[in-house]
Number of protein chains: 6
Amino acid sequence: MTTALPFTHPPHMLLLEPVVRRALEEDLGRAGDITSELIVPAAQQAKAKLIARKAGTIAGLIAAQCAFRLIDPSLKFTVEIPDGAQAKAGAALATIEGSARAILTAERVALNFAGHLSGVATATHALVEAVAETKARIVCTRKTTPGLRVLEKYAVRCGGGFNHRFGLDDAMLIKDNHIAAAGSIKNAVERARAGTAHMVKIEVEVDTLVQLEDALALGVDTILLDNMTTDDLRRAVGLAKGRAMLEASGNVTLQTVAAVAATGVDYISSGAITHSAPNLDIALDF
Amino acid sequence: MTTALPFTHPPHMLLLEPVVRRALEEDLGRAGDITSELIVPAAQQAKAKLIARKAGTIAGLIAAQCAFRLIDPSLKFTVEIPDGAQAKAGAALATIEGSARAILTAERVALNFAGHLSGVATATHALVEAVAETKARIVCTRKTTPGLRVLEKYAVRCGGGFNHRFGLDDAMLIKDNHIAAAGSIKNAVERARAGTAHMVKIEVEVDTLVQLEDALALGVDTILLDNMTTDDLRRAVGLAKGRAMLEASGNVTLQTVAAVAATGVDYISSGAITHSAPNLDIALDF
Amino acid sequence: MTTALPFTHPPHMLLLEPVVRRALEEDLGRAGDITSELIVPAAQQAKAKLIARKAGTIAGLIAAQCAFRLIDPSLKFTVEIPDGAQAKAGAALATIEGSARAILTAERVALNFAGHLSGVATATHALVEAVAETKARIVCTRKTTPGLRVLEKYAVRCGGGFNHRFGLDDAMLIKDNHIAAAGSIKNAVERARAGTAHMVKIEVEVDTLVQLEDALALGVDTILLDNMTTDDLRRAVGLAKGRAMLEASGNVTLQTVAAVAATGVDYISSGAITHSAPNLDIALDF
Amino acid sequence: MTTALPFTHPPHMLLLEPVVRRALEEDLGRAGDITSELIVPAAQQAKAKLIARKAGTIAGLIAAQCAFRLIDPSLKFTVEIPDGAQAKAGAALATIEGSARAILTAERVALNFAGHLSGVATATHALVEAVAETKARIVCTRKTTPGLRVLEKYAVRCGGGFNHRFGLDDAMLIKDNHIAAAGSIKNAVERARAGTAHMVKIEVEVDTLVQLEDALALGVDTILLDNMTTDDLRRAVGLAKGRAMLEASGNVTLQTVAAVAATGVDYISSGAITHSAPNLDIALDF
Amino acid sequence: MTTALPFTHPPHMLLLEPVVRRALEEDLGRAGDITSELIVPAAQQAKAKLIARKAGTIAGLIAAQCAFRLIDPSLKFTVEIPDGAQAKAGAALATIEGSARAILTAERVALNFAGHLSGVATATHALVEAVAETKARIVCTRKTTPGLRVLEKYAVRCGGGFNHRFGLDDAMLIKDNHIAAAGSIKNAVERARAGTAHMVKIEVEVDTLVQLEDALALGVDTILLDNMTTDDLRRAVGLAKGRAMLEASGNVTLQTVAAVAATGVDYISSGAITHSAPNLDIALDF
Amino acid sequence: MTTALPFTHPPHMLLLEPVVRRALEEDLGRAGDITSELIVPAAQQAKAKLIARKAGTIAGLIAAQCAFRLIDPSLKFTVEIPDGAQAKAGAALATIEGSARAILTAERVALNFAGHLSGVATATHALVEAVAETKARIVCTRKTTPGLRVLEKYAVRCGGGFNHRFGLDDAMLIKDNHIAAAGSIKNAVERARAGTAHMVKIEVEVDTLVQLEDALALGVDTILLDNMTTDDLRRAVGLAKGRAMLEASGNVTLQTVAAVAATGVDYISSGAITHSAPNLDIALDF
């Protein structure tokens, strides 16, 4: 139960720490935690546990740990259920020991990270489970919360999903407006190839099977099948015959994802797992 | 329909712009929008509209506008349904005119802000509407998405809600762990008052009506009634007789909020409006 | 003599360290401490003491310590007279042991913090002592040195004073220009209340006893009595009968403060303790 | 009366703006100017004046102007008495026209800069005036307020003073501890010269006339005469015969500076003009 | 002669400006351009030209222009030979008109960018010209000057070259140490694929033709042929039969590059074009 | 062989670390080192060596060490040939032990610093060796790579050279355009002196012996002899008779530098040692 999914390598601390630091600064403001500083004696020690109030897939403990460390490097943080693992309702995720005041000061920011990212991982994992009998992989999009892209991409991996491109610059996705600007899929792909070297993948978004044929003929790496019916998705798989990776996209839900996966597409992308995943309820109990 | 709710003063641009800039940098990465730069001619002009695909309360157009301006100061952004107003499904929220390439480069970040913040405003507004016949005000918490507190607090105002404290430093909230550390509510409040001047409000969290009596006797500004039944809330209102502001808290939902408000409490706080509000579906149509 | 005053909780290191770092960068420039690097052997050890050349209330040793630590984490800094305590002329405040070169490099920045903040604490403490026989508390203002607000507010606490609001956002202070813009005190307060939730205190500035009556009738939290004679202050206290906190403001000096306090006001605010406090002369002796 | 002193070139905007921006962020906090935003209508226009309540030498209007511009670029700021000029009590220094709300939001930060820096300029100018009949120049030190060195050095120039080195890196000042570490003045100077090229000046601090002879014999650029009596200063001038610049240092006050200057030294340095100058009282009148 | 090469889309100003700003801050230090401020009257106007003292391919005018604009937004900068174009010795690249003082202040930083980046473009263009009769494309590496990767990658494009990956994160390059850690090329590639989605290309570095066969059998996107003789490169091309992109790497020089290209490889990578390109001599003439 | 040259005091870590951190962030991008994270087991240990492939003067190991430390503080970095020492081809410069994955992640940035800065040191050292029999010192200029000035100045010292001014602010260099703006050398120097205190050196650039006489008569500290023939340089030395430091400048090469030095000038400045030094080939061997 507490074994993490594979490939849950976290962001490097050089990238993670500034995000956590900013969140702490946002909460400390100028005067800091005036309540705890005035009421809780500096020497008072405590032991607290991060508890999952509901079952879910865990992500973001690494950010929570970073928050406690930045507030007080002497706090001891022991992970019990790591990022990428499944937690039952009531499970203890981690133990924090040390200054009671410091624990209280870091608590909210730590929980905000753990709750939000575990929410993303849990939503992802639900889709992943739903397509487990197929070869389809669940991938995220660029529809992420501003400022948290790297962490949300990590939470998607913790949930068993895979990462689509991280930004505008690490892969090409030629959409309808690009095609319209170029005049045709062919023009767009040719312009893209003329200015791109060998290490950038090219994906083309298509709305119809006719466009799909055009894109396949051009030998692009991936084709995004936008808002197609499952019938059309199945036809698309038949047409492609493995000549390109096929990615189904558009209003994928837990109800529809299995049927989409059954069409034989390689990837199914979901914006909702990052932009609309409800928080996983995690609390700090003393 | 397009009149904004009152009190939707946006964050000052000095505070907003760095958040938007970071989101753009996160999306541009190092190489920038390679797709648009290679395919869309630099001189090509376009006119696009931000469209609400579903009905909701709008928030975050100011951040979307900032994203377009930072990518290209010559883009013309015209608001049609401002932050704080209600939009029907299909309504045009704003028009953007200028370089097609620049519009495509800024699109996703602009939508990520507008969709997320309008989601927060819409969730808030639903609660506000549900208690409209009472004096109860809906307030947010510190359970916000890391890095976006100022913007989410603004979105709550756009939805007709009010803002609880912005951080650990601008008001005191004495919780169960503080009380335990001090030995009693009385001790905790006395320590707080001994070190605080005249411009900081003090709120005490209580679980029972007995604790409520203690807190009332101390003359604190606000009392947070944590996870009480509506019966107990009603009794609390009767006991308080206006001697302190009363805030009901704990698992407030759209289903339960009206009953909570009917007890006569002054404020009802919700973490879900910031940490679990689904995105409002907003798109950019050319 | 060396017991610190209560409530001298320092700013969190996350807030303090960036301010000290910037001051060190400002002094190191690009080439660093060329004098010490060329002349003082890297291996040379030294022991130095921070000495108060004149008597005063100490504040800012925590910033001085941070400066030494940032220049060389292996330096040993031992506090002898902590922030918030009184030092006699000639007293040793702290001992620093380790690399002679590192001590020389950090010296000036450490002294600039300690001297300035102890100056603020000393000026504050003088006012606090002068009103010790009354219930009046000394509070600071927003008239602080740009960039040092959090540290100067801390120095005020070290001197036994209390902190007024930290900025424009954590409490409302309705001044003459706000009242003029609203048309009346009543309008201004109503606008303020309509857009503010339960955790923000409201203070109104009044120049006359007539205005005082208006403000009292509105039930605001605090009333700032601006530039009133002690006679009028005494009348104001009589009128208020405890219905609001009363804060006397305007050209308070060590000569006048006792008389102001004797009128029975609750708070006396002073800009001079932060913007015009002379440095306390502190030196580093080897 | 309103002619600025020469050589008052301000810091470049690239260096000034970040300092002003930080001060504004410090004052705006998270929620911004909640008082003005709720009470003052957005469309209300106003005209305000920066008034010197007391006579003094002006510095820092450039920072005040920057504060108003950063809060609202459409505000019109017209300088009437520029940085470096003398103002009589009651004189209008500048006019600001535009949004009343924006003026109120920027007011305090603008005044904090103008008051502090004009205080530095005024204290400097008093010393400059006191030595006007001699060749002695007043110079500042590195005893500046953390974070404000560049601005305070500028204020010193506005007051007619000159700038000593800006940091540890742009000139060498060999002090007693350096000499002790090297074993002799000769050793110290030789080490300095061995590692320094032709564009760095070398100053040696001496306590006695014997040390002065040593330093003169080494041909250093400047010699700091530390805490000498005016008799010894006069002897030092006689000994030096122009072979090095002579700088008198140590507890220079308005009372003693003329006598120090009369000894014939070239420079007189003062830490008090930056670290202990009282604010010049400047206000914003509508 | 002055037509720019295609695909020379510059980095977005959001990415470019912070790099230029840092360079200016590095040059201005604390006191700024003291020479020009004291000697050149503020009102003096001038017209200056950026001149290529030697022939070369131009890159970095966009950074030079940004430097002039940041120092003085009113300077007029007119490009005559744009980034990506060839300049003869003595050619005027751009004209700058406005404040003489501002031009002098920005001059060195502007030239440092233009000279360095044009050096990179010129070195790239020499290789590009040398292989113009083949299908081989010249690509850069991650051997760039710290802090300038985005700009040097742009300069490579200005020189007619193509960009390899921008960092560790936007494509996979499996090197000898990765293969050793995994035990075999097969293991390494399988691990890579198991954790990577559809939009990341995979390149494998091989030293021998035996390894090449392994890599080809795995269907990777690109194979880096490390330090092979031209004979082996030719054999590699024959073996690959277009199944993967082939990139030749290792000590490519202007003398050897044509022979390497003649083997039929698709890409030739060079570290020297970024890490060892001599400056193109560009000067500012008044 | 492994003894460092004197005066190679490195930049303080407060100045160095941000530069290295930025370089790492530039390489890690958003997703980090995806190749090593997926392929190299987290627990795998390794021992690697930094090897100089070619002979040269070493500089920048301190930056390489910082890169390894920032990626993984537990890596053990042992210097064998320190900054400022000469390395033979094939020499091991340092050993790194610890996590194989961390070593691979930091490798490229570490090498980019070490290779570039050792290139600068090597080019400097070649000039220094060439003039070793004379009193002439080699100095660098402000023609440095943007963002790396402090490190390149350090590399020059590692190569046995000396540093000219670090920026526009720490010394005055009056060039032809300044002289033209002032009307004469005399005017320019007088303006400079009127606004400058005693700790800033003044250098004047001259093109002719007539100008040299003017500058000598004014008693400036240093005179830059621009692009003079060796005959004129010799005459200049004769004219100056030690009244000012003489600096020869302009197209100094390894071929010409000995002849320039033989004229008797005090300093010879070279831009090429910073802007055109080829990388020293340094590799990481496991």
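All figures in this text were calculated on a predicted structure; none of them were measured in a lab.

**Some remarks on the relation of the copies chain B and chain A**
For the match of chain B to chain A, the screw axis carries a shift of 0.0 Å, the RMSD comes to 0.0 Å, and the turn is 180 degrees. When the rotation and shift are considered jointly, the pair of chain copies conforms to a two-fold rotation axis. A shared interface surface links the copies, since 100% of the contact residues of chain B are contact residues in chain A too.

**Some words on the interface of chain B and chain A**
The interface is formed by 57 residues belonging to chain B together with 57 residues belonging to chain A. Carbon and sulfur atoms supply 57% of the area that chain B and chain A bury against each other, a total of about 4800 Å² over both sides. Inspection of the region where chain B meets chain A yields four salt bridges. As a salt-bridge pair, Asp 27 of chain A and Arg 142 of chain B come within 2.7 Å of each other at their nearest N and O atoms. Where chain B packs against chain A, one counts 30 residue pairs in polar contact (both at pLDDT 80 or more). The greatest single-element share of the side of chain B that touches chain A, amounting to six residues, is contributed by helix α4 (residues 100-130) of chain B. Its residues assigned to classes, the side of chain B that touches chain A comprises 26 nonpolar, 19 polar and twelve charged.

**Overview of the sheet that holds strand β12 (residues 282-285) of chain F**
All names here are of chain F. One open sheet accounts for four strands, arranged β3-β5-β1-β12; its pairing is antiparallel. At either margin of the open sheet sits one strand with a lone partner, and together these are β3 (76-79) and β12. Between one strand and the next, the sheet's axes are offset by a mean angle of 15 degrees, whatever the strand orientation. Both β3 and strand β5 (residues 92-99) contribute to a ladder of four bridges, which runs antiparallel. Pairing of Lys 76 across the sheet is with Glu 97, part of β5.

**A few points about the pattern of salt bridges**
Close approach of charged atoms lets side chains of opposite charge pair. Per the stated rule, a full pass over the model turns up 72 salt bridges over all chains. Where Asp 27 of chain D meets Arg 149 of chain C, a salt bridge forms, and the shortest distance between an N and an O atom there is 2.4 Å. Here Asp 27 of chain D is found in helix α1 (residues 13-28), whereas its partner Arg 149 of chain C is found in helix α5 (residues 149-158) on a different chain. What makes Arg 149 of chain C buried here is its relative accessible area of 1%. A single salt-bridge network, built from bridges that share partners, covers Glu 17, Arg 21 and Arg 69 of chain A.

**A look at the interface of chain B and chain E**
Put simply, an interface is often sized by how much accessible area is lost when its parts join up. With eleven residues of chain B in contact, the opposing surface of chain E contributes eleven residues. Summed over both sides, the interface between chain B and chain E buries roughly 1100 Å², with carbon and sulfur atoms accounting for 66% of that surface. At the surface where chain B touches chain E, the tally comes to two salt bridges. In this structure, the salt-bridge partner of Arg 30 of chain B is Asp 170 of chain E, at a minimum N-O distance of 3.9 Å. Ranked by residue count, the leading element in the side of chain B that touches chain E is helix α1 (residues 13-28) of chain B, at four residues. Residue classes in the side of chain B that touches chain E are distributed as six nonpolar, one polar and four charged.

**A look at the sheet that holds strand β3 (residues 76-79) of chain B**
Residue and element names in this part refer to chain B. Taken together, four strands build an open sheet; the order of strands is β3-β5-β1-β12 and the sheet is antiparallel. Two strands close off the open sheet at either side, each with one partner strand: β3 and β12 (282-285). Each strand of the sheet is rotated relative to its neighbour by a mean of 15 degrees, with strand direction disregarded. Across the face of the sheet, helix α3 (residues 61-71) comes into contact with β1 (45-52), β3, β5 (92-99) and β12 while running at roughly 170 degrees to β3.

**Here's the deal with the domain arrangement of chain A**
Residue and element names in this part refer to chain A. Domain annotation of chain A identifies domain 1 (13-122 + 278-285) and domain 2 (129-275). The distance between the C-alpha centroids of domain 1 and domain 2 comes to 35 Å. Of the residues lining the interface, 14 residues belong to domain 1; the matching set on domain 2 comes to twelve residues. Taking both sides of the interface into account, the surface hidden between domain 1 and domain 2 amounts to around 940 Å²; carbon and sulfur atoms contribute 75%. Three residues stand out in domain 1 for area buried against domain 2, namely His 116, Leu 117 and Val 120, and they jointly supply 44% of the buried area on that side. The interface formed by domain 1 and domain 2 includes zero salt bridges. Taken together, the connections running from domain 1 to domain 2 amount to two residue pairs in polar contact (both at pLDDT 80 or more). The set of elements that each furnish at least two residues to the side of domain 1 that touches domain 2 consists of α1 (13-28) and α4 (100-130). Ranked by residues supplied to the side of domain 1 that touches domain 2, first place goes to α4 with five residues.

**Considerations on the nonpolar core**
Residues and elements named next belong to chain F. Of all hydrophobic cores here, the largest spans 103 residues; its most connected members are Leu 50, Phe 113, Ile 223, Leu 225 and Ile 268. The dominant element in this core, judged by the number of residues it contributes, is helix α4 (residues 100-130), at 15 residues. Apart from residues no more than four positions distant in its own chain, Ile 268 is found in contact with Val 131, Ala 136, Arg 137, Ile 138, Val 139, Ala 248, Val 252, Val 257, Val 260 and Ala 261.

**What about the packing of aromatic side chains?**
Residue and element names in this part refer to chain A. Under the definition given, this model contains six aromatic pairs over all chains. Ring centres 5.9 Å apart and planes at 35 degrees place the aromatic pair Phe 68 and Phe 77 in the tilted group. For Phe 68, a relative accessible area of 2% corresponds to the buried category. The buried category is assigned to Phe 77, whose relative accessible area is 13%.

**What to know about the relation of the copies chain B and chain E**
If you rotate chain B by 120 degrees and push it 0.0 Å along the axis, it lands on chain E with an RMSD of 0.0 Å. As the rotation angle and translation indicate, the two copies are arranged about a three-fold axis. Identified as the residue of chain B closest to the rotation axis by C-alpha distance is Pro 18 of chain B, at 7.6 Å.

**Notes on the environment of Asn 112 of chain E**
Structurally, Asn 112 of chain E can be placed in helix α4 (residues 100-130). Overall, Asn 112 of chain E belongs to the buried group, its relative accessible area being 7%. Taking the C-alpha atoms as reference points, Asn 112 of chain E and Ala 23 of chain E, 89 residues apart in sequence, are found 9.3 Å from one another. Discounting chain neighbours no more than four positions away, the residues touching Asn 112 of chain E are Arg 142, Lys 143, Thr 144, Pro 146 and Arg 149 of chain F. In this structure the side chain of Asn 112 of chain E is engaged in a polar contact, spanning 3.2 Å, whose partner is the backbone oxygen of Thr 144 of chain F.

Cut-offs and rules
Note that residues are indexed from 1 along each chain, following the sequence as it is written. Starting at A for chains and at 1 for ligands, labels are handed out in the order in which the entities are written. Given that the model is predicted, a residue must reach a pLDDT of at least 70 before its local features are reported, and side-chain atom pairs must reach 80 or more before they are shown or counted; all residues, however, enter totals for whole chains, interfaces and linings. Only heavy atoms go into the side-chain values, all of them from the structure, while hydrogens and water stay out. A least-squares fit on C-alpha atoms brings the copies together, and the residues used are those whose pLDDT is at least 70 in both copies. Two residues form a contact once any of their heavy atoms are found within 4.5 Å. The quantity reported as buried area is the accessible area (1.4 Å probe) lost by two parts once they are put together, taken as the sum for both. In what follows, salt bridge is the name for a side-chain nitrogen of Lys or Arg lying within 4 Å of a carboxyl oxygen of Asp or Glu. For the purposes of these results, a polar contact is taken to be a pair of N or O atoms within 3.5 Å, where, inside protein, one atom must be able to donate a hydrogen and its partner to accept one; residues adjacent in sequence count only when each atom of the pair is a side-chain atom. Counting from the N terminus, the helices are the DSSP runs of H or I reaching at least four residues and the strands are the DSSP runs of E reaching at least two. Under the scheme applied, nonpolar residues are Ala, Val, Leu, Ile, Met, Phe, Trp, Tyr, Cys and Pro; charged residues are Asp, Glu, Lys and Arg; polar residues are all the others, including Gly. For two strands to pair, DSSP has to find at least two bridges joining them. Orientation is described by axes fitted as lines to C-alpha atoms, over the contacting stretch for helices, and by angles from 0 to 180 degrees between their N-to-C directions. Partly exposed residues are those whose accessible area sits between 20% and 50% of the maximum for their type, while under 20% is buried and over 50% is exposed, using a 1.4 Å probe and protein chains only. Residue ranges for the domains originate in an automatic or database domain assignment. The nonpolar core is taken to be a set of buried Ala, Val, Leu, Ile, Met, Phe, Trp, Tyr and Cys residues, with the residues joined through side-chain atoms within 4.5 Å. Note on ring pairs: Phe, Tyr and Trp rings are taken, using the six-membered ring of Trp, and paired if centres are within 6.5 Å. Classes follow the plane angle, with under 30 degrees stacked, over 60 edge-to-face and the rest tilted.

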